[in-house]
Amino acid sequence: MAALEDEFTLSSGVLSAGPDGLLGVEQSNKTDQFLVTDRGRTVVLYKVSDQKPLGSWSVKQGQLITCSAVCNFQTGEYVVVHDNKVLRIWNNEDVNLDKVFKATLSAEVHKIHSVRGTEPVLLFKEGAVRGLEALLAEPQQEIEAVLSDGEVIRWTKLFMVFRHPVLIFITEKHGNYFVYVHMVNSHTLSKYTLLRGQEEKSVIQSFTASVDRKFISVMSLSSDGCVYETLIPVYPTDPEENQRVVSSLLLRAVVSGSAPSGVALTVLDRDHVAVLGSPLSASKECLSVWNIKFQTLQTSKELPQGTSGQLWYYGENLLMLHGQSLTVIPYKCEVSSLAGALGKLKHSHDPGIQVMPPFVNWEASQGDGLGSQHAEQPRRILRRRKIEVSSQPAVPPSKQLLTTIMKDSEKHIEMELRKFLAVKTPDFHAIVGDLVTGLLGRCQVEPSFCPRNCLVQLIQTHVLSYSLCPGLMEMAVKKTDVQLLQLCLQRFPDIPESVTCACLKIFLSIGDDSLHQAEIDMESVFDYGDSVQGDNVAAPVDVLQNGFSPEGDTCLSCCQEVPAKPQDAAAATPTCPVTPQRAALLNAILHSGYSEAFLLPHLKDIPAQHITLFLKYLYFLYLKCSENATMTLPGIHPPTLNQILDWICLLLDANFTVVVMIPEAKRLLISLYKFVKSQISVYSELNKIEVSFRELQKLNQEKNNRGLYSIEVLELF
Amino acid sequence: MGEFKVHRVRFFNYVPSGIRCVAYNNQSNRLAVSRTDGTVEIYNLSANYFQEKFFPGHESRATEALCWTEGQRLFSAGLNGEIVEYDLQALNVKYAMDAFGGPIWSMTASPSGSQLLVGCEDGSVKLFQITPDKIQFERNFDRQKSRILSLSWHPSGTHIAAGSIDYISVFDVKSGSAIHKMIVDRQYMGVSKRKCIVWGVAFLSDGTVISVDSAGKVQFWDSATGTLVKSHPIANADVLSIAVADQEDSFVVGTAEGTVFHFQLVSVTSNSSEKQWVRTKPFQHHTHDVRTVAHSPTALISGGTDTHLVIRPLMEKVEVKNYDAALRKITFPHRCLISCSKKRQLLLFQFAHHLELWRLGSTVATGKNGDILPLSKNADHLLHLKTKGPENIICSCISSCGSWIAYSTASRFFLYRLNYEHDNISLKRVSKMPAFLRSALQILFSEDSKKLFVASNQGSLHVIQLLEGSFKHLHAFQPQSGTVEAMCLLAVSPDGNWLAASGTSAGVHVYNVKQLKLHCTVPAYNFPVTALAIAPNTNNLVIAHSDQQVFEYSIPDKQYTEWSRAVQKQGFHHLWLQRDTPITHIGFHSKRPMHILLHDAYMFCIIDKSLPLPNDKTLLYNPLPPTSESDVVRRRTAHAFKISKIYKPLLFMELLDEGTLVAVERPLDDIIAQLPPPIKKKKFGT
């Protein structure tokens, strides 16, 4: 079905479109780039998919471009004529039109035509036709006059017929129309008189033509609002004779003839034409697509700001002047079938539903991904534009909510927010980010405003990340809101190391009494009190499990200066050095992601006694871990052994010189040292017996092996 | 379905050769793989990674380099000093040409594909022009001190980089002179090695040369100034191979520790145009040396001493999650190396240079599902038949009665007559094979052992009548005019009337053996045929394709059978289509006309055509149903595909009689046990 897609404008302002519209829009040698020539002095090269001009050239003040610039597809250069006779040729690198190639011709040019596969062809006002190359070889050559006096060229077009360029132009003299078909290569010209039937009196307002092997079908839009078709043979039977062709009615009354700025007609494909003008019923101008086979209106689009009565169609884009800006309306005609029309056939692909690749393509998201993703770029731009456009008339709930946030009371915001969160919109991510930014913005302006509940709700949607709302955690740090910080640490995947460290500082320094008041998620903390009973039994299990007992180690001699009884230190019930609330907060830190290189410098800023406290807690967690065979902590979502050990290493790396000077950390360091030493010796023992392990494994395999040959019974069901 | 006695055979002592080189061809999406025994295999990556062609190995032809050139021609070069071109249509060696530079260590085709460059033992780099039917020596570059182990062209074709021992040379192609010599550091992590061998080089279009060497480094050099730009120490052992993507935004290296590293050109910061090479992903799919790597647009391909060919898709390049996104590990050839004599219960195993004949044991006991029965007679090794000459065996076959064995190498065809007297076997070679029977791609005996069918590599099919101790050539089916495509698969109907033959790409042809003329051609299908068989009684031809489709074609009616149409209409179960090894054998038993036995490397399946087909909702691999379940439920859930995955990797399976199966397994552990030990890595601590 033929369909017009959403329109978009190429940036206006560059063009000085007069009341008569533009001089012309021509294709460039790259698809989706167009040369737009205005009635003044300027030629602009637009890239449609980017909606922006790529280049702009002007002639000198006082000169006037008289025919639209075209691209020479064979060389990639641009050609324009100003002041009727002066030909200019330039390319993308040129800046100033004054300094480019110039040729002055001996006669006035009506139009330059350029299509793919041939050189540009110039049509002179007197009806003579020249190829560009032939003309440039001798610019001052004499140009013959073909047309009689008073005969004016109304419309012209160049076709490629079997790889030969064919120029057709239509002239008018005293209300009679003549069609000339010029074979550019063979220089044969045939002339036809256009005979018109009942529409004798009406004036033809617009022409368009398409070519179909043997015939050129010229369609004309008359002032009575009807479209007529005339078939003209490409190869004339007798070129000398003046022949007559008759036009026949194709579509009746598609537009009202009295449009203020004229009407335009263009052929889209074999079955469709586009008509620009005001329909009979309405006064506003409108672009409509008609099916000429079934004589039905396929689709139409209102253009309320008025047009210049000009319409161009290249590739899949309809271009026109809408108001003051050049507007592009993509036109699509997808193959349809009756079954499709009746809904029996599934559409092969629904353009509305984007197939999400199951793998995250990081390269593509960086912008240098696959070609297919590139191709979707323009569509995405269009869609965004559509959202912007549609948001103007009806304020979407998100916008309403934003205004609520700016003005209303906390209670009201909370209620509105709950309503909003209940329905998930497609651009939920972006809106949630906007909401948080809005809330934070108000917080900064009004220090008394503290929408904690709202923020908590928003964080719990799981769509927020640090980069979406960088201000949120900063605010929480400033207010030492540990609950919010814990929530952020749990939910955000991309917290910078400096912020993680700031959180850690707060968690270590905050007073116990203020912790008791905060509602902290205690999920990751198991009940330390309960496990105390089992400790005396469990501690030796760890030792056995490693196959190494520190008590029996020779290093004991070097630990003799330890004042406390080392035996006791190992066997004593490990008690948690921090309150459960603080433990929960520290666990959130342990779970957050980090990069060592970025975290280390920040860790150095933490005071030594806090470091010691954290180390003690980590060591306690490690001891708890080693109580069971799987080396895990009890509880829901506890820190893992790797996280604990990594953090111990990090803290020691960052602060070893400080910690080693603190007397209260001494015992801790000694126990850690012993622990590492024992690990090393375990591993060296393991390395020694690795060969034996392998042999054991081999023996084990052989036991499983059923031998080289057996007869077995198998039942298939 | 019923109970089977399964002869579970694990004494097929087959060890695939290690992979030496891989070469990926972007135009045809094919991968050429050469092995240490000189075998070259061609995998079609578009056809579900099917190994569609192979060239048998040769003892003296150790391949060191493999490359594709313009027009999809394949060349190899090796330590015998010869450059070999392969004929991909007739599946034989087109010609071999001595480069006269001693053993060849490296070879590469020019970016345009019209020239070949070889690096030799004597330090010479030789340029060959590729002409339409041969190659022609053009000139030598400046001679270097020591052997040239690696070569790479600049994409513009103006310069080349050559890796040697301790240094890399950059040559100007026009003048043939070395313009830079870049010395590679021998030291690695403070330890000075005796020599630093540059195992691989890659020349990028911006003039960067990437080298990998025996000191475990990946180094970036500026070829304009001859200076070292960056060095990545990545392994404690040699880095053996490198391959760069066509876009030059990623490359892959393989190390002797079995690790494959992926390097990518990534922006230093997001949105910045400055890019640098970063080691992004390590993959450990190999246990031994990764001798060779290749980089297809969507996957990393690696192979080495551990004999696996590993194809690791790059997830960011895969747009849809289909089966191409899965890791592939190809270990076993996609053709049958085993044939079986049903009447005498014999198995013939084909190795590279010998054949083994085994007799299966027997038992008198019976048991229930899963029981191992006591053997009343163990399996016997009857015969060990060594080939003469350096060539590998291409194919072999034992007749159904067990009294004929035939095999072929690239230049000779052998036919033996076996006589069984009690426990003694006597073997007699049938001499005076005709000249046209020089080399066969596939051999098949008719069910009654009276006829022998030979597919020669000229595309013709020979029918030979076997008499007691002699033979008579009956007929040769010539290939269709204009084609020289070799036939790789044969199937004969049990009544001996029909012969089906399939090539690598053209369709399946069915010949009438009685009238000695072409009967019909099965409609062409896009994917290559992996196995063929003709059913008894009905003469239905069953064809398995590499995309896991199975068709049944009635030869007398010259059309697909109703059952096949029904299967196509409903479509195969999605799990069936997702299997990643091709069906390599199809079997029947005349007493079970409705059953088709098929197997790939990881399962076997008996299709019972009388049962309903499974749809995507039914369980394809049905586990053993609990015995308490009533018969009604069982019948309702029963479907046509009876699949068992008990035996794997499964190299061969056949129905010996109505209730007896033989399954030949080759456990991977047994293969690993025969490989040289890998580089020892510390397991505990670091």
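Going by the structure above, here's the rest.
Residues numbered from 1 in each chain as written. Chains lettered and ligands numbered in written order. Predicted model: local features only at pLDDT ≥ 70, side-chain atom pairs only at ≥ 80, totals over all residues. Heavy atoms only, no water.

**Considerations on the overall build of chain B**
Okay, so step 1: Secondary structure assignment for chain B yields four helices and 58 strands.
Okay, so step 2: Within chain B, the proportion of its 686 residues that are buried is 58%.
Okay, so step 3: Across chain B, the fraction of contacts at a sequence separation of at least 24, relative to all contacts at a separation of at least 6, is 48%.
Okay, so step 4: Split by element, the accessible area of chain B, about 27,800 Å² in all, is 51% carbon and sulfur. (Helix = DSSP H or I, 4+ residues; strand = E, 2+ residues; numbered from the N terminus. Buried < 20%, exposed > 50% of the residue type's maximum accessible area, 1.4 Å probe, protein only. Contact = heavy atoms within 4.5 Å. Areas by Shrake-Rupley, 256 points an atom, 1.4 Å probe, with all protein chains shown as cover.)

**What to know about the packing of aromatic side chains**
Residue and element names in this part refer to chain B.
Okay, so step 1: All told, the structure shown has 35 aromatic pairs over all chains when counted by the stated rule.
Okay, so step 2: Relative to Tyr86, the ring of Phe55 lies with its centre 4.7 Å away and its plane at 45 degrees, an arrangement referred to as tilted. Of this pair, Phe55 sits in strand β5 (residues 50–55) while Tyr86 sits in strand β8 (residues 82–87); the two residues are 31 residues apart in sequence, bridging distant segments of the chain.
Okay, so step 3: Owing to a relative accessible area of 1%, Phe55 belongs among the buried residues under this scheme.
Okay, so step 4: With a centroid separation of 5.5 Å and 70 degrees between ring planes, the pair formed by Phe128 and Phe137 is classed as edge-to-face.
Okay, so step 5: Given a relative accessible area of 2%, Phe128 falls into the buried group. (Phe/Tyr/Trp six-rings, centres within 6.5 Å; stacked < 30°, edge-to-face > 60°.)

**Focus on a nonpolar patch on the surface**
Okay, so step 1: Taken together, the side chains of A:Ile689, A:Phe693, A:Leu696 and A:Leu699 define a hydrophobic patch exposed on the protein surface, amounting to about 370 Å² of accessible area.
Okay, so step 2: With relative accessibility at 54%, the residue A:Leu696 sits in the exposed group. (Patch = residues over 30% accessible without salt bridge, like charges linked within 9 Å, V, L, I, M, F, W, Y side chains within 5 Å. Salt bridge = Lys/Arg side-chain N within 4 Å of Asp/Glu carboxyl O.)

**Concerning the pairing of strand β11 (residues 115–120) of chain B**
Residues and elements named next belong to chain B.
Okay, so step 1: Most of β11 sits out of view: six of its six residues are buried.
Okay, so step 2: Going residue by residue along β11, you find Gln115, Leu117 and Gly119 tucked away on one face and Leu116, Val118 and Cys120 tucked away on the opposite face as well.
Okay, so step 3: The pairing of strand β10 (residues 104–109) with β11 spans five bridges and is classified as antiparallel. Paired with Ile104 across the two strands is Cys120, which belongs to β11.
Okay, so step 4: The loop that links β10 with its antiparallel partner β11 comprises five residues; one of these, Gly113, has a positive phi angle of about 85 degrees.
Okay, so step 5: By the bridge criterion, five bridges tie β11 to strand β12 (residues 125–130) in an arrangement that is antiparallel. Counted as the bridge partner of Val118 is Lys126 from β12.
Okay, so step 6: The loop that links β11 with its antiparallel partner β12 comprises four residues; one of these, Gly123, has a positive phi angle of about 85 degrees. (Pairing = 2+ DSSP bridges.)

**Here we look at helix α19 (residues 666–688) of chain A**
Okay, so step 1: Helix length check: α19(A) (23 residues) gives 33 Å between terminal C-alpha atoms against 33 Å at 1.5 Å per residue, within 8%.
Okay, so step 2: Looking at α19(A), one finds that the buried residues are A:Leu668, A:Leu669, A:Ser671, A:Leu672, A:Lys674, A:Phe675, A:Ser678, A:Gln679 and A:Val682. (Expected span 1.5 Å × (residues − 1).)

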